[in-house]
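Geometric and topological summary
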Amino acid sequence: MSKDNAPWVRIEKVGQHAGEVVQIRGWLSRMRSSGKIGFLQLRDGSGSIQGVLAKADVGEEIFAKSKGLGQESSLIAWGKVNPDERAPGGYELHLVDVQVIQNAEGYPITPKEHGTDFLMDHRHLWLRSNRQHAILRIRAEIMKGILDWLDDHDFLRVDTPILTPSACEGTTTLFETEYFESKAYLAQSGQLYNEATAMAFGRVYTFGPTFRAEKSKTRRHLMEFWMVEPEIAFCDFEENMVFQEQMLEYVVQRVLERRARELKVLERDTSKLEQIKAPFVRLSYDDAVKLLNEKGVEFQWGGDFGGGDETIIAESFDRPVFVHRFPTAIKAFYMKPDPDRPEVVLGADLLAPEGYGEIIGGGQRVDDLALLEARIKEHNLPPEAYAWYVDLRRYGSVPHSGFGLGLERTVSWLCGLEHVRETIAFPRMLSRLYP
Ligand code: 4AD
Ligand code: MG
């Protein structure tokens, strides 16, 4: 069987070349040999396949050289694609030649168990494992699903700045940087700018990294995380929740359909995800407080929920829960107070099931000029920095709403992970900026 003109094929697609000789360019994840046969587990980023190396086919020299290769050696392998029922991907490669690009020695991540710190220190290498592949592919699918859904519902993507002169989500979690003669902050949210572009385009979204200097060392917090933020003109608080639940239902069902293999690698119980269908539960903050009290949690009206409280609330339902009408005093300056009850806002947090906590924050925005000016003052925010934002209430103000979905928390939930650190290639955490 000749390797001349054998096409370079990604492992994921070898099935399209059954019976042919193909070329695989990748890395050696494992090597076993017994006598005159070697088994090379090859990966190329798209999948994994076992290459069978027989001394009789490739000759003494290639056989000996291949047998000595270390884990993660890079190579090009040529082989015939043979259907094999026992193989996880359904095929095996009968090798006819191997060209070593680099023989890697002493790869630190071995098939034995490693501690989390060790793996995080070697995150740049850990990304090569099956589990990390599954998670990051699901992340990409969630992201693409969101983009497709928004595009199909007439939202225009308008990117917002990362270097900003003012705070969106409170001044306590700002990352500050020098900006020539003045100061700038890394964006905590693109929302304020989205409100400007929503007045220009009606329905918009931004999808990018956001930054919070949160002194929280929890399984849900990162310092740098990705958020998708749709903003909708002429949309009230109730309609805003409908957009959220429909988008999320679409994304969850799409991941189940298109990433079944990855969910299996992660041993995710998918029956829980199959139940994610709109409409989601709507629970007022008042009732959430009652629910906590009934479950024996001492919680006073007026406080904000901690992660544990969110878990208790969410566990009382089989679908995600919108907790709405939080006390005005604990929410951001831009949230619209309920006209019938100004002590609460027309905002909602969406809590994911299974203890994953808040994945979306959103609501209706203050659209009245005088009220917005008053709220900025109450929050001790510098009026000059918000002058442009206030302008939006001066020229054609309309009821409008929007929301922000945290990508990493969503990935963590859909993948069934213990911690958000694995949901992004290089997590930025309270005590980790390396690698
Ligand atoms: O609830 P938040 O703070 O809402 C906003 O930023 C609004 N301006 C969004 C909007 O209405 N356009 O954050 C939204 C979501 C949270 O529900 C959570 O999923 C995620 O962002 N998030 C974090 N994810 C990881 N690490 C952190 N430190 C996060 N902080 C918020
Ligand atoms: Mg929030």
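You'll find the structure just up there.
Attention now goes to helix H11 (residues 307-314). Turning to H11, its buried residues number three or more, namely Asp309, Glu310, Thr311, Ile313 and Ala314. Buried positions along H11 lie against strand E12 (281-284), helix H10 (285-294), strand E13 (321-324), strand E16 (347-352) and strand E17 (357-364).

Our next topic: the pairing of strand E2 (residues 37-43). Taking burial as the measure, the seven residues of E2 include six buried ones, the bulk of the element. For strand E1 (residues 21-34) and E2, the ladder comprises seven bridges, and the chain directions are antiparallel. Bridged to Arg32 within E2 is Phe39. In this structure, E2 lies alongside strand E3 (residues 48-54), joined through seven bridges in antiparallel fashion.

This part takes up the site of ligand 1. In the region of ligand 1, 22 residues are neighbours, and Glu169, Gln191, Arg212, Glu229 and Glu358 sit closest. A distance of 2.6 Å separates an oxygen atom of ligand 1 from a polar side-chain atom of Glu358. Summarising the interface, the protein chains cover 94% of the accessible area of ligand 1, which totals 630 Å² for the free molecule. Elements with a contribution of two residues or more to the shell around ligand 1: strand E11 (224-233), E17 and strand E18 (400-406). Residues belonging to the shell around ligand 1 are distributed by class as follows: seven nonpolar, seven polar and eight charged.

For helix H12 (residues 369-378), the full list of buried residues reads Leu372, Arg375 and Ile376. Looking straight down H12, one finds that the buried residues subtend no more than 100° of arc, so they occupy a single side. Residues of H12 that are exposed and point over 90 degrees away from its buried face: Lys377 and Glu378. Where H12 is buried, its residues meet helix H13 (387-391). Two to three positions downstream of the cap, the backbone nitrogen of Ala370 sits 3.3 Å from a side-chain oxygen, assigning the N-cap of H12 to Asp368.

Here is what the cut-offs are and how they apply
Residues numbered from 1 in each chain as written. Chains lettered and ligands numbered in written order. Predicted model: local features only at pLDDT ≥ 70, side-chain atom pairs only at ≥ 80, totals over all residues. Heavy atoms only, no water. Buried < 20%, exposed > 50% of the residue type's maximum accessible area, 1.4 Å probe, protein only. Helix = DSSP H or I, 4+ residues; strand = E, 2+ residues; numbered from the N terminus. Contact = heavy atoms within 4.5 Å. Pairing = 2+ DSSP bridges. Near = heavy atom within 4 Å. Polar contact = N/O pair within 3.5 Å; in protein donor to acceptor, adjacent residues only side chain to side chain. Areas by Shrake-Rupley, 256 points an atom, 1.4 Å probe, with all protein chains shown as cover. Nonpolar A, V, L, I, M, F, W, Y, C, P; charged D, E, K, R; others polar. Arc of directions from axis to C-beta.

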